[in-house]
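Working through the structure, step by step
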Amino acid sequence: MSPTDQPPSSKTLVIIPTFNELENLPLIVGRLHRAQPGVDVLVVDDNSPDGTGEAADAMAAVDPRIHVLHRAEKNGLGGAYIAGFQWALERDYAVVVEMDADGSHAPEQLDRLLRAIDAGADLVLGSRYVSGGRTVNWPLKRQLISRGGNVYSQLALGTRIRDITGGYRAFRRGVLEELQLDTVSSEGYCFQIDLAWRAVQRGLSVVEVPITFTERVIGQSKMSGSIVKEAALNVPRWGLEGRRRHFQEYLAARRG
Ligand SMILES: Nc1nc2c(ncn2[C@@H]2O[C@H](COP(=O)(O)OP(=O)(O)OP(=O)(O)O)[C@@H](O)[C@H]2O)c(=O)[nH]1
Ligand SMILES: [Mg+2]
């Protein structure tokens, strides 16, 4: 990079998916712009009955950094992010960030993710489970599901990633272009695992940085048992496919 070049983080879009986050949305966007005045925001709202979509429109009307994508009905976190990624790729963003609306992902720590991107990472995972990362006020049950899901994924996929289910992430544009987003159909935890695993499989540089994940204070969780089940069923299948592919590459190399 020559001294006159801007780092990729100078063109960042933060995608915030929302379903019934009326109270949280202004708080999170306010915190984000205090911490990172230069980033754009895309709110992807699934026709929230509580009026979050209209509130987002009102915010966008007075702040050119804020954009809103309205979807007709609640269609899951994964689908909302894919729609947001496609919106970003139609525009000139170099970095795309995933952030929850509920305050669990501290905007004040976004600089850690962006610094890692500027240092060369393709995909940066905000991680609760590397040194320096932690969770605050999370009920034991949620901690166990999250820890268990990560150990399960490490074993099933044979990956060393410590927090592959987390949802605070930064992607270089090229990663999103490469991951064949039109073939992603997973949701929730599984969606996060799916994207990170696709990046690992393609040999991209996936880096974890520590974050403090704080339990939501306002509003309701959309977390459900079916999300856990989806991951439990899909992840071992991806692990087997990955190992089969490695084995075939190994055989081909020995033959060749
Ligand atoms: N557009 C859209 N956003 C969603 C949907 N489901 C969840 N979200 C948003 O995605 C983010 C994460 O959802 P949460 O309900 O916080 O899920 P979670 O973090 O697993 O659950 P908690 O730990 O209890 O907060 C929040 O900003 C939600 O409003 C959906 O179907 N569509
Ligand atoms: Mg949450």
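Going by the structure above, here's the rest.
A quick note: this is a predicted structure, and the numbers were derived from the prediction, not measured. (Residues numbered from 1 in each chain as written. Chains lettered and ligands numbered in written order. Predicted model: local features only at pLDDT ≥ 70, side-chain atom pairs only at ≥ 80, totals over all residues. Heavy atoms only, no water.)

Some words on the nonpolar core
In this structure, I15, F85 and L195 are the most contacted members of the largest nonpolar core, which totals 37 residues. Looking at this core, the elements that each hand over two or more residues are β1 (12-18), β2 (40-45), α3 (77-89), β5 (123-127), α5 (140-157), α6 (173-178), α7 (188-201) and α8 (225-255). Broken down by element, this core gets its largest block of residues, 8 residues, from α7. Excluding its chain neighbours within four sequence positions, the residues that come into contact with I15 are L42, V44, Y81, G84, F85, V96, V97, E98 and M99. In terms of nonpolar packing, the next biggest core, distinct from the first, is built from 30 residues, V39, L114, W138 and A170 among them. (Core = buried A, V, L, I, M, F, W, Y, C linked by side-chain atoms within 4.5 Å. Buried < 20%, exposed > 50% of the residue type's maximum accessible area, 1.4 Å probe, protein only. Helix = DSSP H or I, 4+ residues; strand = E, 2+ residues; numbered from the N terminus. Contact = heavy atoms within 4.5 Å.)

Notes on the packing of helix α1 (residues 24-35) against helix α2 (residues 52-62)
Viewed as axis vectors pointing N to C, α1 and α2 meet at an angle of 35°, and their least axial separation amounts to 10 Å. Of α2, the residues touching α1 (which contributes L25, P26 and V29) are T52, A56 and M59. Tallied by class, the residues present in the contact of α1 with α2 amount to 5 nonpolar, 1 polar and no charged. (Axes fitted to C-alpha atoms, helices over the stretch in contact; angles between N-to-C directions. Nonpolar A, V, L, I, M, F, W, Y, C, P; charged D, E, K, R; others polar.)

Concerning the sheet that holds strand β8 (residues 206-210)
The pairing of strands in a sheet happens through backbone hydrogen bonds and is either parallel or antiparallel. Spatial strand order, β3-β2-β1-β4-β7-β5-β8: 7 strands in an open sheet with mixed pairing. The sheet is open, and its two borders are formed by β3 (66-70) and β8, each paired with just one other strand. Averaged over all pairs of adjacent strands, the angle between their axes in this sheet comes to 20°, without regard to strand direction. Sheet strands in contact with α1 are β1, β2 and β3, and its direction is about 165° off that of β1. Against the sheet, α2 touches β1, β2 and β3, its axis set at about 150° to β3. (Pairing = 2+ DSSP bridges.)

Overview of a nonpolar patch on the surface
A cluster of nonpolar side chains, namely F247, Y250 and L251, defines an oily patch on the protein surface of about 300 Å² accessible area. Looking at the element boundaries, Y250 is found in helix α8. (Patch = residues over 30% accessible without salt bridge, like charges linked within 9 Å, V, L, I, M, F, W, Y side chains within 5 Å. Areas by Shrake-Rupley, 256 points an atom, 1.4 Å probe, with all protein chains shown as cover. Salt bridge = Lys/Arg side-chain N within 4 Å of Asp/Glu carboxyl O.)

Focus: the pattern of salt bridges
As enumerated under the stated definition, the model contains 13 salt bridges in all. R172 is the partner of D122 in a salt bridge, and the nearest nitrogen-oxygen pair spans 3.9 Å. In this pair, D122 sits in the loop between α4 (110-118) and β5 while R172 sits in strand β7 (residues 169-172), placing the two residues 50 residues apart along the sequence. In this structure D122 comes out as buried when scored by relative accessible area, which is 18%. Among the charged side chains, a network of salt bridges with common partners joins E21, D102 and R216.

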